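Spelled out, the chains give:
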Amino acid sequence: MLFNSLHFFIFFPLVTTGFFILPHRFRWIWLLFASCYFYMAFIPIYILILLFTISIDYVAGLLIEGARGVRRRQFLILSLIANIGVLAVFKYLNFTIGNLNAISHWVGSNQTFSTLGIILPIGLSFHTFQSMSYTIEVYRGRYKAERNLGIFALYVMFYPQLVAGPIERPQNLLTQLREKKEFNYARVADGLKLMLWGFFKKMVIADRISLFVNQVYENPTHYEGVSLVIATVFFAFQIYCDFSGYSDIAIGSAQVMGFRLMDNFKRPYFSKSIGEFWKRWHISLSSWFRDYLYIPLGGNRVNKPRYYFNVFLTFLLSGLWHGANWTFIVWGSLNGIYLIVSQLTIDVRSQLLVKTGITRHPNLLKYTRISTTFALINFSWIFFRSKNLNDAIYIVTHLFTGWGTFLSNITNKHFIGAYVLLSQRKWEVSIALISILILEIVHSIQRHGSIRHMLSERPAYVRYSIYYLLFFFLLFLGKYTAADFIYFQF
């Protein structure tokens, strides 16, 4: 079920109303039923995959807690193999077969392997990682094994964050599933406001920008530098608004019922370094890889070569987590290289900043760093968005072509309208740009604290003017095509 669908606009109030009407002891059953229905709205049979991983990890948690010595590790390994095995079959098997066939063709062999006719279960990587975090936390002794199979199933399947996160740890979400939730008007209102903001990001900004991005990235060889740059920058805003919009809706819908989910984004495009960016972007996944891969590998507590290896491997696997395509592998590797190079050049860059005198101008230094980080992240998005490496290489090698023609016609408004605005109607472009401006104004305000808290201290006419304006944008300027969220494919 899509958040941005009529189906959900009926589902959400019914489930929420039922949750508060039912006695506390029955609420988890109601939510589990609703979560199963939510997931089965996509491909019903794939609920069996969820039931498989839930059963494996539920039993594994009990066995790990009751075992001693090497047996604990063995049970954990069996659980991880089962989870990763599901990912390997549904997400990476056809990718592996395709590469084996390519290698076979390259060496002149006629041997080919048939791919499987399977569809990737929606949100597979998200709920698999959430389930794995449970068994790892039990193994580390940080959380006791859950005895109630239904409660554990709800932890894995909790519908607000089932298909695209945030990826929760048992210490946060599982403990809340037993708490009694009372109806609180202020909390409910806050949750609805956050959902409204998430819908605005998704339906007014992301889905509208996608018109321009798709036009270029589906046929990149038809375009040159200016259009490629604009489409790439637009994609940066599209993927942010699409994914953070989903997170806002998920966090807000959970908050309405009294559940607290972790923040997943913190104004990432205001980051002053690549390292800071990854502390602000998809925080639940970044922290998952940090805690369960990077730190166990030794983190930064090892010699320099091993440290660089740890960083690179973590980002390489993060790229592979996003999709079975070489473009994602390159994207992840590129971000790992960014971090390694930043560490290798930290002294040189510091000396250069001093010599150029930028350090004497804090604001200039700050915005230089933000702009540089944004440019590097945008460059990496080329690989993330491209359908294949050939398209990505074309875009990278043509970013600086055609600028002479563009600049020589800079005063020709008809040329600029056709070339820069990608042949779209000016009305569509205006909505997209105004919406992005609103987004950045909100982000600027959020540097000083929660905008919802700030609004609550303003007079009623100010608050409701803003709420109605946002609702107006959503109602009349939103795209109602029920477009998938980008991260559903992961």
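How each quantity is defined
Residues numbered from 1 in each chain as written. Predicted model: local features only at pLDDT ≥ 70, side-chain atom pairs only at ≥ 80, totals over all residues. Heavy atoms only, no water. Salt bridge = Lys/Arg side-chain N within 4 Å of Asp/Glu carboxyl O. Buried < 20%, exposed > 50% of the residue type's maximum accessible area, 1.4 Å probe, protein only. Helix = DSSP H or I, 4+ residues; strand = E, 2+ residues; numbered from the N terminus. Contact = heavy atoms within 4.5 Å. Axes fitted to C-alpha atoms, helices over the stretch in contact; angles between N-to-C directions. Parallel < 35°, antiparallel > 145°, perpendicular 65-115°, else oblique. Nonpolar A, V, L, I, M, F, W, Y, C, P; charged D, E, K, R; others polar. Core = buried A, V, L, I, M, F, W, Y, C linked by side-chain atoms within 4.5 Å. pLDDT = per-residue confidence, 0-100. Phe/Tyr/Trp six-rings, centres within 6.5 Å; stacked < 30°, edge-to-face > 60°. Polar contact = N/O pair within 3.5 Å; in protein donor to acceptor, adjacent residues only side chain to side chain.

Pairing between side chains becomes possible if they bear opposite charge and their charged atoms approach one another. Applying the stated criterion to the full structure yields 15 salt bridges. When the shortest N-O distance is used, the salt bridge between Glu-137 and Arg-142 registers 3.9 Å. Given the relative accessible area of 3%, Glu-137 is considered buried. One salt bridge connects Lys-180 with Glu-182, and the closest N-O pair in it is separated by 3.9 Å. On the accessibility criterion, Lys-180 (57% relative accessible area) is exposed. We classify Glu-182 as partly exposed; its relative accessible area is 48%. The network of salt bridges with common partners includes Arg-169, Arg-290 and Asp-291.

Turning our attention to the side chain of Lys-201. Checked against the element boundaries, Lys-201 lands in helix H8 (residues 185–217). Accessibility expressed as a relative area gives 4% for Lys-201, which makes it buried. The contact partners of Lys-201, leaving out residues within four places of it in the chain, are Ala-206, Tyr-240, Cys-241, Ser-244, Gly-245, Asp-248 and Leu-439.

Our next topic: the packing of helix H5 (residues 124–139) against helix H6 (residues 149–157). At a closest axis distance of 9 Å, the pairing of H5 and H6 adopts a crossing angle of 135°. Regarding the angle of H5 to H6, the classification is oblique. Within the contact between the two elements, H5 uses His-127, Gln-130, Ser-131, Ser-133 and Tyr-134 and H6 uses Phe-152, Tyr-155 and Val-156. Within the contact of H5 with H6, the residues separate by chemical class into four nonpolar, four polar and no charged.

Among the nonpolar cores identified, the biggest contains 141 residues, and Phe-8, Trp-281, Trp-381 and Tyr-487 are the most heavily contacted of them. Broken down by element, this core gets its largest block of residues, 19 residues, from helix H9 (residues 225–257).

In the predicted model, the protein chain carries a mean pLDDT of 88, and the fraction of residues at 70 or more is 96%. The lowest-confidence element of the protein chain is helix H18 (residues 413–419), averaging 51 in pLDDT; the highest-confidence one is H6, averaging 96.

Turning next to the packing of aromatic side chains. The description of two aromatic rings rests on the distance between their centres and on the angle between their planes. Within this structure, the stated rule accounts for 55 aromatic pairs. With centroids separated by 5.8 Å and ring planes inclined at 75°, the aromatic side chains of Tyr-46 and Phe-90 adopt a geometry described as edge-to-face. One end of the pair, Tyr-46, is in the loop between helix H2 (24–40) and helix H3 (47–66); the other, Phe-90, is in helix H4 (residues 70–106), with 44 residues separating them in the sequence. Judged by its relative accessible area of 23%, Phe-90 is partly exposed. Each ring, one from Trp-278 and one from Trp-331, has its centre 5.8 Å from the other, and the planes form 65°; the classification is edge-to-face. Of this pair, Trp-278 sits in helix H10 (residues 274–280) while Trp-331 sits in helix H13 (residues 326–344), and the two are 53 residues apart along the sequence.

With that settled, the discussion passes to unusual backbone geometry. The phi angle at Arg-267 is positive, at roughly 45°, despite the residue not being glycine. Along the chain, the position of Arg-267 falls in the loop between H9 and H10. The backbone of His-282 sits at a positive phi, close to 45°, despite the residue not being glycine. Within the secondary structure layout, His-282 lies in the loop between H10 and helix H11 (283–294).

Within the secondary structure layout, Asn-310 lies in helix H12 (residues 304–322). Owing to a relative accessible area of 0%, Asn-310 belongs among the buried residues under this scheme. A polar contact of 3.2 Å, which involves the side chain of Asn-310, links it to the backbone oxygen of Gly-299.

This paragraph deals with the environment of Trp-281. Among the structural elements, Trp-281 can be located in the loop between H10 and H11. Take Trp-281: its relative accessible area is 0%, and that puts it in the buried class.

H11 sits mainly inside the fold: ten of its twelve residues count as buried. For H11, the complete set of buried residues consists of Ile-283, Ser-284, Leu-285, Ser-287, Trp-288, Phe-289, Asp-291, Tyr-292, Leu-293 and Tyr-294. On its buried face, H11 is in contact with H5, H10 and H12.

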